[in-house]
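# Understanding the architecture of this molecule
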Amino acid sequence: MSNTQASEMIPVDLSAAFLQAQTIYKEVKEATKSKLNILIVGKTGYGKSTLINTIFDEKLAQSGTGKPITQEIKCYTSTKQPDLAIYDSRGLELNAPDTITNIEQFLSSNHSKDPNEQIHIVWFCIAEPSRRLENPEIELFKAIKQHKFPLVAVITKASQDKDENGQSFKAFVQGKLNIDESQVVRTRALEIEDDDGNLQKPKGIDELLEQSCKYMDEGKANALARFQAYNKEQRRQANIAHAKTLVNRYAASCSAAAATPIPFSDIAILMPIQIGMILHISNIFGINISKENAAQLVATLTSVVGAAFGLRFLTQIAGNLLKIIPGLGSVTGGAINATIAFGATKVMGNAYIAYLDSNIDHLTDILTDFKPDIFKSYVDSAKVQYDKTAKA
Ligand SMILES: Nc1nc2c(ncn2[C@@H]2O[C@H](COP(=O)(O)OP(=O)(O)OP(=O)(O)O)[C@@H](O)[C@H]2O)c(=O)[nH]1
Ligand SMILES: [Mg+2]
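Rules behind the numbers
Residues numbered from 1 in each chain as written. Chains lettered and ligands numbered in written order. Predicted model: local features only at pLDDT ≥ 70, side-chain atom pairs only at ≥ 80, totals over all residues. Helix = DSSP H or I, 4+ residues; strand = E, 2+ residues; numbered from the N terminus. Near = placed C-beta within 6 Å. Domains from an automatic or database assignment. Core = buried A, V, L, I, M, F, W, Y, C linked by C-beta atoms within 7 Å. Buried ≥ 20, exposed ≤ 12 C-beta atoms within 10 Å, placed from the backbone. Contact = placed C-beta atoms within 7 Å. Pairing = 2+ DSSP bridges. Axes fitted to C-alpha atoms, helices over the stretch in contact; angles between N-to-C directions. Right-handed = clockwise from strand over helix to strand, strands pointing away. Parallel < 35°, antiparallel > 145°, perpendicular 65-115°, else oblique. Nonpolar A, V, L, I, M, F, W, Y, C, P; charged D, E, K, R; others polar. pLDDT = per-residue confidence, 0-100. Expected span 1.5 Å × (residues − 1). Left-handed = near helix turned anticlockwise from the far one by under 90°.

### Digging into the environment of Ala251
Mapped onto the secondary structure, Ala251 falls in helix 8 (residues 232-259). Spatially, the C-alpha atom of Ala251 lies 5.1 Å from that of Thr345, the residues being 94 residues apart in sequence.

### Thoughts on the site of ligand 1
What surrounds ligand 1 is a group of 17 residues, the closest being Thr44, Gly47, Lys48, Ser49 and Thr50. Counting residues per element, the shell around ligand 1 draws most heavily on helix 2 (residues 48-56), which supplies 3 residues.

### Concerning the domain arrangement of the protein chain
Each domain of the protein chain was delimited in the assignment, giving domain 1 (9-31 + 236-391) and domain 2 (36-230). Averaged C-alpha coordinates put domain 1 and domain 2 at centres separated by 42 Å.

### As for unusual backbone geometry
For residues that are not glycine, phi is negative in most cases, and the peptide bond is trans in most cases. With an omega dihedral of 10 degrees, the bond running from Ile325 to Pro326 counts as a cis peptide bond. Although it is not a glycine, Lys148 adopts a positive phi angle of roughly 60 degrees. With respect to the helices, strands and loops of the structure, Lys148 is situated in the loop between helix 4 (135-146) and strand 7 (151-156).

### With respect to the nonpolar core
Residues Ile275 and Ala351 are the most contacted members of the largest nonpolar core, which totals 56 residues. Elements with a contribution of two residues or more to this core: helix 1 (14-31), helix 8, helix 9 (266-284), helix 10 (291-308), helix 11 (312-324), helix 12 (338-358) and helix 14 (372-391). For this core, the element with the highest residue contribution is helix 12, accounting for 11 residues. Among all residues touching Ile275, those that are not within four sequence positions of it are Ala17, Phe18, Ala21, Ala294, Ala295 and Val298. Within the second largest apolar cluster, 53 residues are counted, among which are Ile52, Leu140, Val184 and Ala189.

### A short note on the sheet that holds strand 4 (residues 74-77)
Across the sheet, 7 strands lie side by side as 3-4-5-2-6-7-8; this open sheet has mixed pairing. Edge strands, defined here as strands with exactly one partner in the open sheet, are strand 3 (67-68) and strand 8 (184-186). In terms of strand pairing, strand 7 meets strand 8 through 3 bridges, oriented parallel. Counterpart to Ile155 in the pairing with strand 8 is Arg186. Contacts from helix 4 reach strand 2 (36-41), strand 6 (121-127) and strand 7 within the one sheet, and its direction differs from that of strand 6 by about 165 degrees. Contacting strand 6, strand 7 and strand 8, helix 5 (residues 169-177) runs over the sheet at an angle of about 150 degrees to strand 7.

### Brief notes about the pairing of strand 7
Buried residues dominate strand 7, accounting for 6 of its 6 residues. Here strand 7 shows a buried face lined by Leu151, Ala153 and Ile155 and a second buried face lined by Val152, Val154 and Thr156. In this structure, strand 6 lies alongside strand 7, joined through 6 bridges in parallel fashion. Looking at the pairing, Ile126 lines up with Ile155 of strand 7. Between strand 6 and its parallel partner strand 7, the chain crosses via helix 4, and the hand of that crossover is right-handed. At this point the chain moves from strand 7, through helix 5, to the parallel strand 8, and the crossover so formed is right-handed.

### A look at the pairing of strand 2
Counting buried positions along strand 2 gives 6 out of 6 residues, so the element sits mostly inside the fold. Of the two faces of strand 2, the one holding Leu36, Ile38 and Ile40 and the one holding Asn37, Leu39 and Val41 are both buried throughout. Relative to strand 5 (residues 84-88), strand 2 runs parallel, the two being bridged by 5 bridges. Bridge pairing in strand 5 places Leu36 opposite Leu84.

### Some remarks on the packing of helix 3 (residues 99-110) against helix 4
Here helix 3 crosses helix 4 at 10 degrees, and the two axes come no closer than 10 Å. Considered as vectors, helix 3 and helix 4 are oriented roughly parallel to each other. Here helix 3 contributes Ile100, Ile103, Glu104 and Leu107 to the contact with helix 4, which in turn contributes Pro136, Glu139, Leu140, Ala143 and Ile144. Residues of the contact of helix 3 with helix 4, tallied by class, amount to 7 nonpolar, no polar and 2 charged.

### Focus on the environment of Asp180
Note that Asp180 resides in the loop between helix 5 and strand 8. Take Asp180: there are 9 C-beta atoms within 10 Å of it, and that puts it in the exposed class. Counting along the chain gives 162 residues from Asp180 to Phe18, while the straight-line C-alpha distance between them is 53 Å.

### Comments concerning the confidence of the model for the protein chain
Taken as a whole, the protein chain shows an average pLDDT of 90; of its residues, 96% reach a score of 70 or greater. In this model, residues 1-6 is a region of pLDDT below 50 whose contacts with residues beyond four sequence positions or in other chains number 11 contacts.

### Overview of helix 8
Taking 1.5 Å of rise per residue, the 28 residues of helix 8 would be expected to cover 40 Å, and the 41 Å separating its terminal C-alpha atoms lies within 8% of that figure. Those residues of helix 8 that fall on the buried side of the exposure criterion are Ala238, Asn239, His242, Ala243, Leu246, Val247, Tyr250, Ala251, Ser253, Cys254, Ser255 and Ala258. Buried residues belonging to helix 8 abut helix 1, helix 7 (218-227), helix 9 and helix 12.

### Re the packing of helix 6 (residues 205-215) against helix 7
Between two packed helices, the angle of one axis relative to the other and the distance separating the axes together describe the packing. Contact geometry for helix 6 and helix 7: axes closest at 8 Å, N-to-C directions at 160 degrees. With respect to helix 7, the element helix 6 is oriented roughly antiparallel. For the crossing formed where helix 6 meets helix 7, the hand is right-handed. Along its contact with helix 6, which presents Leu209, Ser212 and Cys213, the element helix 7 presents Ala221, Leu224 and Ala225.

See below:
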């Protein structure tokens, strides 16, 4: 069976294709947006802002600049991660008469909001040096639990779990709040040197992230893993997983586009979607690429992917494309069936992800020179992987 019909030259306008690509990219970005809203509760001075700073490597919830939500809660948005918001019960004094009622009201109205505007995880902070848990704190914790919010009790400023009588503060908290051991995490957000010159490193942050993810759905857990800046390896893996999900989406768009019967012009329809995909993946890896580079990448990858799928006409098209960057010209036409459009786009996207990931430390240097040879091994392994899943 041939995947092509007789060749014919078709016109391509790269600047129009690029505009289309940007529209597609923006639409997909909006449709796949996963906001993450974290509520951090705890008495004043318990180390809430410090914990947030350590996790997100940004002075969030620090100044008085947040947007007031209730008398007790302010909302802080991140400049690095526009989809992250911290709801901070800054300066919380639990003995004030309306405090708990106000927070409860905020929580009970929260469930009816758009899913992206709801609170996705609550970190309830208790400072270890305080060695106690007052009734209003217990009451507030129970209220949050009752409203069924994903919830982790965070012991902050941890440095000594057992007191002089051998009583564990963690066990005490767990008992008082009536929760599983895994729902209480001891953390130290700062590196502290004690009087004897012993350095105490931050601790428990990985565990807090891990436990929190267990209480959230997959999309939100992935968002937390991507937005946090504490565990670089976790962030790397989450970015890859997120980018791969997007590749499936762009590949499905290409497949749908190829299924529409517009003879000879499939490549002109697929290319903007693939450029959109390349822009999106680059953005996830924190890089901005020019339209010339995006078109060059798609053309180069098309030629390598064409070879991997044994479709010589794709290599021919890629050659035509490279010659017309950045302007107008024509390329060899050809109809591509929906399955091939899906597979080729998926392999292209996954190969690009693997390429960026293995060059993560010098991304700015690698985006100027796109020789097909550079991509061959990445495309070949993405193709092997694709063939495995396609068979399964
Ligand atoms: N030893 C130690 N000190 C900490 C730790 N985390 C925070 N602190 C200190 O505790 C103090 C209060 O910390 P913040 O993070 O401002 O507390 P907060 O809960 O945000 O307080 P409010 O904003 O008033 O509600 C600061 O002096 C921090 O440096 C920690 O893990 N260990
Ligand atoms: Mg604070």
